[in-house]
Amino acid sequence: MSVSVRLTPRGGRDLLEAGTDSYFAARVSAPPVDGAANAALVALVAKTFGVSRGSVRIVGGETARLKRLFVAGEPAALARIAANLYGQPA
């Protein structure tokens, strides 16, 4: 599953939530230095979707706020979790 995320580093706490129709909004406490914020984002997305960190890859926007990630896993389960983040029944 491919997801888009708008990342806010040094956001005070780690949180992935509904954003716009185009992307999720994520905040991580890590600073945007030496890939720390990206690593925190990968860990956060993996935890939220219930997959290993190795199942999540940043495929676009490595140095930008808006990132594209690929999450490997069972598509129906991932879609259900994504829908729940937006408060919609799957």
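Look up: the structure comes first, before these words.
The structure reproduced in this document is the subject of the present report.

Cut-offs and rules
Residues numbered from 1 in each chain as written. Predicted model: local features only at pLDDT ≥ 70, side-chain atom pairs only at ≥ 80, totals over all residues. Heavy atoms only, no water. Helix = DSSP H or I, 4+ residues; strand = E, 2+ residues; numbered from the N terminus. Buried < 20%, exposed > 50% of the residue type's maximum accessible area, 1.4 Å probe, protein only. Contact = heavy atoms within 4.5 Å. Polar contact = N/O pair within 3.5 Å; in protein donor to acceptor, adjacent residues only side chain to side chain. Core = buried A, V, L, I, M, F, W, Y, C linked by side-chain atoms within 4.5 Å. Phe/Tyr/Trp six-rings, centres within 6.5 Å; stacked < 30°, edge-to-face > 60°.

## A few points about the environment of N38
Mapped onto the fold, N38 is located in helix α1 (residues 36–49). N38 sits in the buried class, given a relative accessible area of 13%. Considering only alpha carbons, one finds N38 and I58, 20 residues apart in sequence, at a separation of 8.1 Å. Contacts of N38, omitting those with residues within four sequence positions, involve L7, I58, E62 and K67. Within polar-contact distance, the side chain of N38 engages the backbone oxygen of E62 at 2.9 Å.

## Considerations on the nonpolar core
Core analysis: the largest hydrophobic core is formed by 22 residues, its most contacted members being V5, L16, V45 and L69. Among the secondary structure elements, those contributing two or more residues to this core are β1 (2–8), β3 (24–27), α1, β4 (56–60), β5 (66–71) and α2 (75–85). It is α1 that provides the largest number of residues to this core, a total of 8 residues. Residues in contact with L16, not counting those within four places in the same chain, are V5, F24, A25, A26, L44, V45, T48, F49 and L85.

## Here we look at the packing of aromatic side chains
One pass over the structure, following the stated rule, counts 2 aromatic pairs. Each ring, one from F24 and one from F49, has its centre 6.5 Å from the other, and the planes form 75°; the classification is edge-to-face. Linking F24 in strand β3 with F49 in helix α1, this pair joins segments that are 25 residues apart in sequence. Here F24 falls in the buried class, since its relative accessible area comes to 7%. Plain terms: the ring middles of F24 and Y86 are 5.3 Å apart, the flat faces sit at 45° to each other, and that makes the pair tilted. Highlighted residues: F24 in strand β3 and Y86 in the segment after α2, separated in sequence by 62 residues. Here a set of aromatic residues connected by ring pairs shows up, and it is made of F24, F49 and Y86.

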